[in-house]
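Spelled out, the chains give:
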Amino acid sequence: MKLCMIGTGYVGLVSGTCFADIGNQVICVDKDLNKIKKLNMGISPIYEPGLNELIKKNFLAKRLSFTTDIKKAIELSNIIFICVGTPTQKGSLNVDLSFVYKCTKEILKYTRNKKIIVTKSTVPIGTGDQIDKLVKKKRKLFTVISNPEFLREGEAIRDFRYPDRIVIGSNEKKVFNVMKKLYSPLINKGAKFFTTSRKSAELIKYASNAFLATKITFINELANLCEKSGIEVEDISLGIGSDNRIGSRFLRAGPAYGGSCFPKDTKGLVSAADKYKVNLSVVKSVIKSNNERVNLLTQRIHKILGTNLKNKKISFLGVTFKPNTDDMRDSTSLRMIPYLSKKGVKINYYDPSGKKEEFKNVKNCFFKPNIKKNCFNVDLVILLTEWDEFKTIDFKKIVRNNKFKVYDLRNLYSAKDMKKKKIKYYSVGRPNFK
Ligand SMILES: NC(=O)c1ccc[n+]([C@@H]2O[C@H](COP(=O)([O-])OP(=O)(O)OC[C@H]3O[C@@H](n4cnc5c(N)ncnc54)[C@H](O)[C@@H]3O)[C@@H](O)[C@H]2O)c1
C-alpha cells in the first residue's frame with residue numbers, strides 16, 4: 001500500500017519505517033528541514049534502538065523516503081497517517097490540536113482522489129468527528145479513522161511488530177478491511193485486531209495511559225508508606241503484582257512518571273471529561289500526586305546533604321525520563337537540576353543518549369562524556385535513569401572520596417551490597433527516609 005506519515009517524530013518515524021519493512025511504500029513528511037536532511041543521509045534524528053539500521057535497510061530498498069514536500073507525499077499516497085504532536089496547551093489542561101488541524105487543511109488542499117485519513121496522534125474524543133466535518137464539507141473524498149498508537153519509546157520497534165492489540169475506530173465499516181490488510185503481517189503473528197467506533201478508539205488511548213499512570217502513582221504513594229513503616233516496596237510490588245487481576249507491570253516505585261505521553265494524556269483526559277461535565281477525580285489526584293512527587297524526591301536531597309547545598313557537587317546518572325530514549329519531555333531532571341543549580345550546587349550529568357539542549361542555560365551544569373568523569377570526587381551521585389550501563393558501577397573506585405553518598409531513584413542497586421561496601425545509600429520505598 002502507499003502510505004504517507006505526516007510528522008516524522010517518535011511515532012511517525014518508527015511506524016513509517018516499520019510499515020515499509022513489512023512491504024509498503026512509505027513517504028515520511030516533516031516540516032522540520034533538519035530532520036529530513038539527516039534522514040536522507042541515513043541518520044535517525046532520534047535515539048531508538050535498532051531504528052537507524054531499519055531506516056537504512058528500507059531506504060536502500062526504496063520502500064521508504066523522506067521529504068518536506070507535503071503536496072507530493074499526499075498525492076502519491078492512499079492512506080495518510082497524522083502523527084504530529086498533540087501537546088498540552090500552555091496554562092491549561094487542554095490539548096493543543098493546532099498541529100493536527102494544520103495538517104488536516106493541507107491534506108484537504110492537496111487531495112484530488114479518494115484517501116483514508118488516519119489519526120495516529122493521540123487526540124481527544126470527537127477530534128475525528130471534527131476532522132471529518134472539516135474535510136467532508138469541501139469534498140466527499142475522505143474516510144477518517146482513528147488508529148491510536150501504543151508503542152513505547154526505547155522498545156518502539158518491538159512494540160510495533162508485536163502489539164498487544166491494534167485498535168481501529170471508524171464509523172464506516174468498509175474501511176476495517178483495508179486496515180486489516182495493512183496490518184495483516186502483525187495480525188498473522190498474533191496481534192489482536194480490534195474494531196470499534198472512532199470516538200471509542202480515541203478514548204481507549206487516553207484511558208490506557210491514564211490507567212498506567214495511576215498504577216505508577218499508586219505504587220509511588222505506597223513507597224512513601226513503606227519508608228515510614230519499615231517495609232520494602234519491592235515486596236509489596238511482587239505481592240500485589242502476582243495477582244493476575246492486577247498484573248506486575250508498572251508497579252515499580254521510582255520518580256514521578258514523565259515522558260511525552262502520561263503527563264499530557266492524563267491532563268488531556270481530565271480536560272475532555274470536564275467538557276462533558278464529568279469529574280474524573282481519580283485521574284485528577286494522580287496528576288496532583290505525580291507533581292508533588294518531584295518536589296518530595298528533590299527535597300530529600302536536603303535530608304541527604306543538609307540544608308545548605310552551596311558548592312556541593314552532585315552528579316546525575318541519566319537525565320532522560322526512561323532508558324533507551326533521548327526524550328527529555330517531562331523528565332524529573334528538568335525540575336530537579338534547575339532547582340539544585342539555584343541552590344548553588346555544581347552539577348555533572350552523563351546520559352548515554354548525549355548532551356541535552358535543555359540544560360544549556362542552567363548555571364553550573366556540565367555534561368560529562370562518561371560515568372567515570374561524571375562521578376569523580378562528587379558528594380552525591382543521583383541515579384535517575386536506569387540505563388543498562390549503570391547497573392554495575394564500582395562507585396568506590398570511580399568517585400574516589402570517602403564521604404560520597406548514592407541516591408538511587410530506581411532501586412537499581414541492592415541496599416545490602418551498598419552496606420557491605422560501606423557506601424551511604426538512599427533509595428525509594430525502603431526504610432531510609434523516616
Ligand atoms: N512518543 C511516544 O512514545 C508516543 C506513543 C504513542 C502515541 N504518541 C502520540 O503520537 C503523537 C506524536 O508524538 P511524537 O512523540 O511522535 O511527537 P514528536 O514531537 O516526536 O513528532 C512530531 C513531528 O511532527 C512534525 N510536524 C508537526 N506539524 C507538522 C506538519 N504540519 N507537517 C509536517 N510535520 C509536522 C514535527 O516537526 C515533529 O517532527 C502525539 O499525539 C503523541 O501523544 C506518542
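These numbers come from a predicted model, not from an experiment.

Cut-off values and rules
Residues numbered from 1 in each chain as written. Predicted model: local features only at pLDDT ≥ 70, side-chain atom pairs only at ≥ 80, totals over all residues. Helix = DSSP H or I, 4+ residues; strand = E, 2+ residues; numbered from the N terminus. Pairing = 2+ DSSP bridges. Axes fitted to C-alpha atoms, helices over the stretch in contact; angles between N-to-C directions. Near = placed C-beta within 6 Å. Nonpolar A, V, L, I, M, F, W, Y, C, P; charged D, E, K, R; others polar. Domains from an automatic or database assignment. Contact = placed C-beta atoms within 7 Å. Expected span 1.5 Å × (residues − 1). Buried ≥ 20, exposed ≤ 12 C-beta atoms within 10 Å, placed from the backbone. Right-handed = clockwise from strand over helix to strand, strands pointing away. Parallel < 35°, antiparallel > 145°, perpendicular 65-115°, else oblique. Left-handed = near helix turned anticlockwise from the far one by under 90°.

## Considering the environment of Gly 230
- With respect to the helices and strands, Gly 230 occurs in the loop between helix H10 (198–229) and helix H11 (233–241).
- For the pair formed by Gly 230 and Arg 430, sequence separation is 200 residues and the distance between their alpha carbons is 7.0 Å.

## A closer look at the sheet that holds strand E12 (residues 380–383)
- Reading across the sheet, the 6 strands line up as E11-E10-E9-E12-E13-E14 and stay open at both edges, with parallel pairing between neighbours. With one partner strand each, in any of the chains shown, strand E11 (365–367) and strand E14 (424–426) form the two edges of the open sheet. Taking each pair of neighbouring strands and ignoring which way they run, the sheet shows an average axis angle of 20°.
- In the sheet, strand E9 (residues 313–317) pairs with E12 via 4 bridges, with the strands oriented parallel. If you follow Ser 315 over to E12, its bridge partner there is Val 381.

## Here we look at the site of the ligand
- Among the 27 residues in the neighbourhood of the ligand, the closest are listed as Gly 7, Gly 9, Val 11, Ser 121 and Thr 122.
- Elements with a contribution of two residues or more to the shell around the ligand: helix H1 (10–21) and helix H5 (98–110).
- For the shell around the ligand, the class distribution of residues is 11 nonpolar, 9 polar and 7 charged.

## A few points about the domain arrangement of the protein
- Looking at the assigned domains, one finds that the protein contains domain 1 (2–196), domain 2 (206–287) and domain 3 (296–426).
- Distance from the C-alpha centre of domain 2 to the C-alpha centre of domain 3: 25 Å.
- Listed as interface residues are 9 residues of domain 2 and, on the opposing side, 12 residues of domain 3.
- Taken together, the residues of the side of domain 2 that touches domain 3 sort by class into 4 nonpolar, 4 polar and 1 charged.

## A closer look at helix H13 (residues 281–305)
- With 25 residues, H13 extends 37 Å between its outermost C-alpha atoms, agreeing within 8% with the 36 Å of an ideal straight helix rising 1.5 Å per residue.
- Every buried residue belonging to H13 is among Val 283, Val 286, Ile 287, Asn 290, Arg 293, Val 294, Leu 297 and Ile 301, and all of these are buried.
- Tucked into the core, H13 has its buried residues touching H10, helix H12 (262–275), helix H14 (333–342) and strand E13 (405–408).
- Two residues or fewer past H13, Gly 306 is found with a positive phi of approximately 105°.

## A look at the pairing of strand E5 (residues 115–119)
- E5 sits mainly inside the fold: 5 of its 5 residues count as buried.
- What you see with E5 is no split at all: Lys 115, Ile 117 and Thr 119 on one side and Ile 116 and Val 118 on the other are buried throughout.
- Looking at chain direction, strand E4 (residues 79–82) and E5 are connected through 4 bridges and run parallel. Paired with Ile 80 across the two strands is Ile 117, which belongs to E5.
- Note on the crossover from E4 through H5 to E5: the handedness is right-handed.
- In this fold, the crossover linking E5 to strand E6 (residues 142–146) by way of helix H6 (residues 127–138) has right-handed handedness.

## Examining the packing of H10 against H11
- Relative to each other, H10 and H11 sit at 135°, their axes nearing to 9 Å. Between H10 and H11, the interaxial angle falls into the category oblique. Once H10 is placed against H11, the crossing between them reads as right-handed. Contacts between H10 and H11 involve Ile 219, Leu 222, Ala 223 and Cys 226 from the first element and Val 233, Ile 236 and Ser 237 from the second.
- Taken together, the residues of the contact of H10 with H11 sort by class into 6 nonpolar, 1 polar and no charged.

## A look at H1
- Its 12 residues give H1 an end-to-end C-alpha distance of 16 Å, which sits within 8% of 16 Å, the value for a rise of 1.5 Å per residue.
- In terms of burial, H1 is largely enclosed, as 12 of its 12 residues are buried.
- Turning to H1, its buried residues are Tyr 10, Val 11, Gly 12, Leu 13, Val 14, Ser 15, Gly 16, Thr 17, Cys 18, Phe 19, Ala 20 and Asp 21.
- Count one or two residues on from H1 and you reach Gly 23, which has phi positive near 105°.

## A closer look at unusual backbone geometry
- Even without being a glycine, Asn 311 presents a positive backbone phi close to 70°.
- One can find Asn 311 in the loop between H13 and E9.
- Given 11 C-beta atoms within a 10 Å radius, Asn 311 is considered exposed.
- You will see that Lys 422, though not glycine, has its phi angle at about 60°, which is positive.
- Position of Lys 422 among the secondary structure elements: in the loop between helix H17 (415–420) and E14.

## Considering the pairing of E12
- Of the two faces of E12, the one lined by Leu 380 and Ile 382 and the one lined by Val 381 and Leu 383 are each fully buried.
- Two strands pair when backbone bridges link them, and E12 and E13 are joined in this way by 4 bridges, in the parallel orientation. Within E13, the residue paired with Val 381 across the bridge is Val 406.

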